[in-house]
Amino acid sequence: MYEIIEGFIEAIRLIVTLNPNVMAIAARSIIISLTATIIASLISLPLGAAINFGNFRGRKGLINLIQTLYSLPTVIVGLLIFLLISRAGPLGFLRLLFTPTAMIIAQTVLIIPIMTGLTISALSGVDPVIRDTLTSLGATRFQFLINIMKEARFAILAAVAVGFGRAISEVGAAILVGGNIAASSFMSSTRVLTTAISLETSMGNIPQSIALGIVLLIIALGVNLVISTLQQGRNP
Amino acid sequence: MIELDGVSKEFDGKRVLDGVTGRVDDGEIFAVIGPSGAGKSTLLRLIGLLDTPTAGTIRINGIDIHASKEQSLRIRRTIGMVFQKPAVFNTTVAENIAIGLRFRGVERETIMKKVRGALDMVGLAGYEERRARTLSGGEMQRVALARAMVIEPEILLMDEPTANLDPVSVEKIEELVIRINRELGTTILFSTHDMYQGQRLAHRIAVLMNGRFAQVGTPREVFTLPATRDLARFVGIENILEGVVMGREDGGIASIDVGSTRVRARSSFGPGERVALCIRPEDMQIAPAERGVGNPGRNTLQGTIISIVPRGPFSRVTVDCGFMLSSILSWKKVDDLELQEGSLVVVSFAPESVHVVSAGES
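Computed from a predicted structure; not experimentally measured.

Caption draft 1: The arrangement of the overall build of chain B in detail. The secondary structure content of chain B amounts to ten helices and 20 strands. Reported as C-alpha extents along the three principal axes, the dimensions of chain B are approximately 80 × 45 × 35 Å. Relative to its full complement of 362 residues, chain B shows a buried share of 53%. A sequence separation of at least 24 residues applies to 65% of the contacts in chain B between residues at least 6 apart. Carbon and sulfur atoms form 48% of the exposed surface of chain B, whose accessible area is close to 16,300 Å².

Caption draft 2: Examining the overall build of chain A more closely. In terms of regular secondary structure, chain A is built from eleven helices and zero strands. Structurally, chain A occupies a C-alpha span of about 65 × 50 × 30 Å along its principal axes. Taken over 236 residues, chain A has a buried fraction of 48%. If you take every contact in chain A between residues at least 6 apart in sequence, the share linking residues at least 24 apart comes to 74%. Counting only carbon and sulfur atoms, one obtains 70% of the accessible surface of chain A, whose full area is about 11,600 Å².

Caption draft 3: Spotlight on the packing of aromatic side chains. Counted by the stated rule, this structure contains two aromatic pairs over all chains. In this arrangement the basic side chain of A:Arg28 is found over the ring face of A:Phe186, its NZ or CZ atom lying 4.9 Å from the centre. Across from the ring centre of B:Tyr127, 4.2 Å away, lies the NZ or CZ of B:Arg130, which sits over that ring.

Caption draft 4: Quick peek at the nonpolar core. Residue and element names in this part refer to chain B. Counting residues in each nonpolar core, the largest one holds 104 residues, and the members touching the most others are Ile2, Leu4, Ile97, Met158, Leu189 and Phe213. Excluding anything up to four places from it in sequence, Ile2 contacts Gly22, Arg23, Val24, Ile47, Ile58, Arg59, Ile60, Ile155 and Leu189. One finds Ile256, Val258, Cys321 and Leu329 within the second-largest nonpolar core, a separate group that totals 29 residues.

Caption draft 5: Quick look at the pattern of salt bridges. Across all of its chains, the model carries 25 salt bridges over all chains by this definition. Note that A:Arg13 is salt-bridged to A:Glu10, the shortest N-O span being 2.7 Å. Of the two residues, A:Arg13 and A:Glu10 are both situated in helix H1 (residues 2–16); the distance of three residues between them amounts to about one turn of the helix. B:Glu174 is the salt-bridge partner of B:Arg200, the closest N and O atoms lying 2.7 Å from each other. Of the two residues, B:Arg200 is situated in helix H7 (residues 195–201) and B:Glu174 in helix H6 (residues 167–184); the sequence distance between them amounts to 26 residues. On the basis of relative accessible area, B:Arg200 is assigned to the partly exposed category, the value being 45%. Through salt bridges with shared partners, a single network forms among B:Glu10, B:Arg15, B:Asp18 and B:Arg212.

Caption draft 6: Highlighting the sheet that holds strand S6 (residues 79–82) of chain B. All names here are of chain B. The strand order across the open sheet formed by six strands is S6-S7-S8-S3-S9-S10, and the pairing between neighbours is mixed. Two strands bound the open sheet, and with one partner strand each, they are S6 and strand S10 (212–217). Neighbour to neighbour, the strand axes of the sheet diverge by 20° on average, direction disregarded.

Caption draft 7: Region of interest: the packing of helix H5 (residues 137–149) of chain B against H6(B). Residue and element names in this part refer to chain B. Viewed as axis vectors pointing N to C, H5 and H6 meet at an angle of 15°, and their least axial separation amounts to 10 Å. The orientation of H5 relative to H6 falls into the category roughly parallel. As for the relative orientation of H5 and H6, their crossing is right-handed in sense. On H6, the residues that touch Gly138, Gln141, Arg142, Leu145 and Met149 of H5 are Ser169, Lys172, Ile173, Leu176, Ile180 and Leu184. A breakdown of the residues in the contact of H5 with H6 according to their chemical character gives six nonpolar, three polar and two charged.

Caption draft 8: Quick look at the interface of chain B and chain A. At the interface, 22 residues of chain B touch 20 residues of chain A. Roughly 1,900 Å² of surface becomes buried between chain B and chain A when both sides are summed, with 60% attributable to carbon and sulfur atoms. Considering only the surface of chain B that becomes buried against chain A, B:Phe89, B:Asn90 and B:Phe103 emerge as the three largest contributors, covering 33% of it. Between A:Asp127 and B:Lys85 there is a salt bridge whose closest N-O contact spans 2.5 Å. Residue assignment for the side of chain B that touches chain A shows that the elements contributing at least two residues are helix H2 (69–76), S6 and helix H3 (93–103) of chain B. Broken down by element, the side of chain B that touches chain A gets its largest block of residues, four residues, from H3(B).

Caption draft 9: Summary view of H2(B). Along H2(B), the residues that are buried comprise B:Gln71, B:Ser72, B:Ile75 and B:Arg76. Angularly, the buried residues of H2(B) cover 140° about the axis, an arc narrow enough to put them on a single face.

Caption draft 10: Geometry of the sheet that holds strand S13 (residues 262–266) of chain B. Residues and elements named next belong to chain B. Within the open sheet, the five strands sit side by side as S13-S12-S11-S14-S20. Their pairing is antiparallel. Of all strands in the sheet, those with a lone pairing partner are S13 and strand S20 (354–358), marking the two edges. Ignoring strand direction, the axes of neighbouring strands in this sheet form an average angle of 45°.

Caption draft 11: Broad picture of the environment of A:Leu42. Residues and elements named next belong to chain A. Checked against the element boundaries, Leu42 lands in helix H2 (residues 20–53). Taking the relative accessible area as the measure of exposure, Leu42 reaches 63% and is therefore exposed. Separated by 70 residues in the primary sequence, Leu42 and Ile112 place their C-alpha atoms 9.7 Å from one another.

Caption draft 12: Structural detail: the packing of H2(A) against helix H7 (residues 141–151) of chain A. Residues and elements named next belong to chain A. Where H2 contacts H7, the two axes come as close as 12 Å, and the packing angle between them is 110°. Viewed along their axes, H2 and H7 adopt a mutual orientation that is roughly perpendicular. Judged by the sense of rotation from one axis to the other, the crossing of H2 with H7 is right-handed. Residues Leu45, Ala49 and Phe53 of H2 form the contact with H7, whose participating residues are Arg141, Phe144, Leu145, Ile148 and Met149.

Caption draft 13: Just unusual backbone geometry, in detail. Residues other than glycine seldom take positive phi values, yet A:Leu18 does so here, at roughly 50°. Examined against the element boundaries, A:Leu18 turns out to sit in the loop between H1 and H2. Even without being glycine, B:Asp12 reaches a positive phi, approximately 50°. Within the element layout of this structure, B:Asp12 appears in the loop between strand S1 (2–11) and strand S2 (14–24).

Here is what the cut-offs are and how they apply
- Residues numbered from 1 in each chain as written.
- Chains lettered and ligands numbered in written order.
- Predicted model: local features only at pLDDT ≥ 70, side-chain atom pairs only at ≥ 80, totals over all residues.
- Heavy atoms only, no water.
- Helix = DSSP H or I, 4+ residues; strand = E, 2+ residues; numbered from the N terminus.
- Buried < 20%, exposed > 50% of the residue type's maximum accessible area, 1.4 Å probe, protein only.
- Contact = heavy atoms within 4.5 Å.
- Areas by Shrake-Rupley, 256 points an atom, 1.4 Å probe, with all protein chains shown as cover.
- Phe/Tyr/Trp six-rings, centres within 6.5 Å; stacked < 30°, edge-to-face > 60°.
- Lys NZ or Arg CZ within 6 Å of the ring centre and 35° of its normal.
- Core = buried A, V, L, I, M, F, W, Y, C linked by side-chain atoms within 4.5 Å.
- Salt bridge = Lys/Arg side-chain N within 4 Å of Asp/Glu carboxyl O.
- Pairing = 2+ DSSP bridges.
- Axes fitted to C-alpha atoms, helices over the stretch in contact; angles between N-to-C directions.
- Parallel < 35°, antiparallel > 145°, perpendicular 65-115°, else oblique.
- Left-handed = near helix turned anticlockwise from the far one by under 90°.
- Nonpolar A, V, L, I, M, F, W, Y, C, P; charged D, E, K, R; others polar.
- Buried area = accessible area lost by both parts, 1.4 Å probe.
- Arc of directions from axis to C-beta.

Below, the structure written as structure tokens:
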């Protein structure tokens, strides 16, 4: 018990004094997950719109598949990306294994289903009269999509926030394809909050683990605040 | 001019519209009335290019509007539409109204000028920067009307635009509809289940029943001379009796057997034909039996009052004459005549007040 309390006190000290090691890991986590979220948004938002407004065979089955992939285990994604980018894999020549790029790819793949699914939900939640109004006002297909997106902007931003939250909190894929390497340069290291917590705990470095855990919780809390603020914004 | 030629629409095998044929002239206010579920909204959606007909054609100024997808945007941009549910975009009032102009690439300054003009027209000047979703239902609907009108459409389609509004808002929207038509010459086609609204606003009314226009005419024609028994019932004629024409008198008056008695009515139907007699309650007079029979030229029937039900400033008095007949009397009249349930009375109405239609047409 004493060890835990002492660990907490040390953790607070590390955060308050902006311990360079903790801050570097936190910054790297945010950069990697934010990049993955941006790339996933660029894919998921148009994909979600295409599926929602598309009229093709198997549309419902595809939506069901996407929803099933919400709970895709992170280690499975990690394994898949590992197999693709390992030396023996089809993309091995790119030498991406154990790089932040590999982690970004894995996190992007991980969050695309949930962001696509939530984008579909956001767009299908727009009042049909609003859709009819846009059409009746003479919108082109592009103008229609942009304005529907605008109308669903709060729900879409919430989908993006959920994607970021899932990316930054996952550990399985990050360890498998990142390797939790503490290299000399900031951007070649692959040690992020979740993998560092895992390592520090196994090494018995409890204060460092708790400090990193608190930082992760603060980020998660921030994401949650953004989501709830956005959801309140839906109903002015 | 909008021409409807055998327009049909099916949803999952269910035929909602079944060969609607009609014409809406330029500059006209044309109302489509009909019971709920008659297909009024579907018809407007087809004209507004929000849906495609299963069969038939809709022509605007001679062009089949559903013929090619390439021209549909161009045609759609000549039509404004207001929907039953007041729906606004989650932004300011000004942005809401500007959106159609933005789609057309109109310059910013012109947009601002037109938005101000449109707001002025609908009585919402100064509302530019308000969040549209904080407005009342009536105000939202006026924003929707301004949004549809700012693009200066040739045709304005309104799908039950006042169905969800309070009476004050309904009056404002109705005033605007008349003003838009008079001042801008816009052709207005609106649907309503409120037949009195149709009567107040429209130059012509079409009654949509069983998937097609059962009757098209001026409000006076539709409300006083309904073409069928169902139409008579829909336009509020409460007294509908079935009978057989027995013979004809001079002056176009026929004697019609309605079972227990004979009724004289102006009719062109020949002896032996089955007919329905439509008599408006307001054309019927009631007097206590002891005061005797009125004008000998009128139909006079004896009966007993079975109910007196208040209806606004009037009372609906129902009399059992072997069949039920209802009349509308003011409260004062009911009191003056000392009418009450169980009273013996004489009901009378002129032969000219009876509108005769074929019984088989329903």
